[in-house]
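For reference, the chains in residue letters:
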Amino acid sequence: MDRDTRRRLLQMSEQNHGLLGRREALAAGVSAEAWRNLTNRGDWVALSPRVVRRSGAPRTPIQRALAGVLDVGPPAFVTETSSAAMWGVPGHRIEPVRVMVLRGVNETATDLAIIHRPTHLPDPFAAVIDGVPVVRPSLMVLQLAARMPPERLKAVVDRLWSRRLLSGPSLRRELEPVLGRGRAGSAAIRQLLASFPEGYVPPASGLESRFASLVAHADLGRFRRQVDLGDDESWSGRVDFVAEAWPLVVEVQSELYHASLTDQDADDRRRRRLRAAGFTVVEVWDTEVWHRPAAVVERVRRALWQLRAAA
């Protein structure tokens, strides 16, 4: 194997938590014989016949999750309790790694993960977190519903809802086609959806509480949380915060999860609708809220100043 190919494989592993899959290596021009000899130099450690780890790469739970996906897939996705941990649901761990494989697509066995082969999948059902294919929060909630007490299931949905990873309407929309077919958890999901009153707003997340505290201490005025803007004819969406005295919207985004469930075009359309309705839109990120609060306060203060100056 020439130096350029070795460098390319190292670059690929840097984007995959230090891992390299056989399929990806062959697609990059590595021969089957070169793959079999890849671990001879000591630069790589074999995790299975189909997955290697770069020597010295940190060993992490998310790396082990991706190893299971690479060993089985594609298409394979982190699922069940492992996906709950990746979406930040308390009380769950990535390991033992659980991977979902579509029925009839791939029959590969693996020692790196527990394989699930579900039927009646919602559409869409998959996302990507930090480069790892994973089932969407709605499907993950359905998978947990059969084994979780109702009050805890509601707490999980509230937590995900407050972080804008799902909502009551999105749960209904995404799961309705697969409920009521004798699937475990269907009854629990229907009961949960029926328990939400019209206009329900989940409790504030830690991130939202932190932002609310920042603007309150900076004396920037009152903000309402989780507000639906528009009417039945021209609905602009539910936003994180709206200033009571000014047409200012503040969206608090998560760098890790936001891109997993939305795309740039959808975000642009949402911002255009809000601006067309007369709102100024400010985006702040979770890392800023926690670690650079002065920058967050200054951005909101500047937007308010511009609105006052234009009034």
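Here is what the cut-offs are and how they apply
Throughout, a residue's number is its position along its own chain's written sequence, starting from 1. Two thresholds apply to this predicted model, a pLDDT of at least 70 for residue-level local features and 80 or more for giving and counting side-chain atom pairs, whereas whole-chain, interface and lining totals are computed over all residues. Hydrogens are left out, water is left out, and the side-chain values use all remaining heavy atoms of the structure. Each helix is a run of DSSP H or I of at least 4 residues and each strand a run of E of at least 2, with the numbering of both proceeding from the N terminus. Take the residue count of a helix, subtract one, and multiply by 1.5 Å to get its expected span. For the exposure calls, accessible area comes from a 1.4 Å probe over protein chains only, and a residue counts as buried if that area is under 20% of its type's maximum, exposed if over 50%, partly exposed in between. By definition in these notes, contact holds between two residues if any of their heavy atoms fall within 4.5 Å. For helices, the fitted axis covers only the stretch in contact; all axes are lines through C-alpha atoms, and the angles between them, taken along N-to-C directions, range from 0 to 180 degrees. By definition, turning the near helix anticlockwise from the far helix through less than a right angle yields a left-handed crossing, and turning it clockwise yields a right-handed one. Charged means Asp, Glu, Lys or Arg here, nonpolar means Ala, Val, Leu, Ile, Met, Phe, Trp, Tyr, Cys or Pro, and polar covers whatever is left, Gly included. Working definition of a nonpolar core: buried Ala, Val, Leu, Ile, Met, Phe, Trp, Tyr and Cys residues. They are joined through side-chain atoms within 4.5 Å.

K.L.:
Quick question: what am I supposed to make of helix H7 (residues 150-162) here?
P.N.:
Helical geometry: 3.6 residues make up each α-helical turn, so side chains three or four residues apart lie on a common side. The terminal C-alpha atoms of H7, which comprises 13 residues, lie 18 Å apart, in line with the 18 Å expected from a rise of 1.5 Å per residue. Among the residues of H7, those classed as buried are Leu153, Val156, Val157, Asp158, Leu160, Trp161 and Ser162. Downstream of H7 by a residue or two, Arg164 has a phi angle that is positive, lying close to 60°.

K.L.:
Is there a simple way to think about the environment of Arg7 in this case?
P.N.:
By the element assignment, Arg7 lies in helix H1 (residues 3-14). For Arg7, a relative accessible area of 41% puts it in the partly exposed group. It is 12 Å that separates the C-alpha atoms of Arg7 and Asp43, two residues lying 36 residues apart in sequence.

K.L.:
How do you make sense of the side chain of Asp240 when you look at a structure like this?
P.N.:
Turning to its location among the elements, Asp240 is positioned in strand E10 (residues 237-243). When residues no more than four places from it in sequence are discounted, the contact partners of Asp240 are Arg164, Glu208, Arg224, Arg225, Gln226, Val250, Glu251 and Val252.

K.L.:
How should I be thinking about the packing of helix H10 (residues 206-217) against helix H14 (residues 293-310) in this particular structure?
P.N.:
A packed helix pair is summarised by two numbers, namely the angle formed by the two axes and the spacing between the axes. Where H10 meets H14, the closest approach of the two axes is 10 Å, and the angle between their N-to-C directions is 65°. Crossing handedness for the pair H10 and H14: right-handed. Within the contact between the two elements, H10 uses Arg210, Phe211 and Leu214 and H14 uses Pro293, Val296, Val297 and Val300. When the residues that make up the contact of H10 with H14 are grouped by side-chain class, the tally is six nonpolar, no polar and one charged.

K.L.:
Before we go on, may I ask you to explain the nonpolar core in this structure?
P.N.:
In summary, soluble globular proteins display a tendency toward joint burial of nonpolar side chains. Core analysis: the biggest nonpolar cluster contains 53 residues, and Met86, Trp87, Met140, Val141, Val157, Leu160 and Ile189 have the highest contact counts within it. For this core, the element with the most residues is helix H4 (residues 61-72), which contributes seven residues. Residues Val215, Ala243, Val250 and Val282 belong to the second largest nonpolar core, which totals 21 residues.

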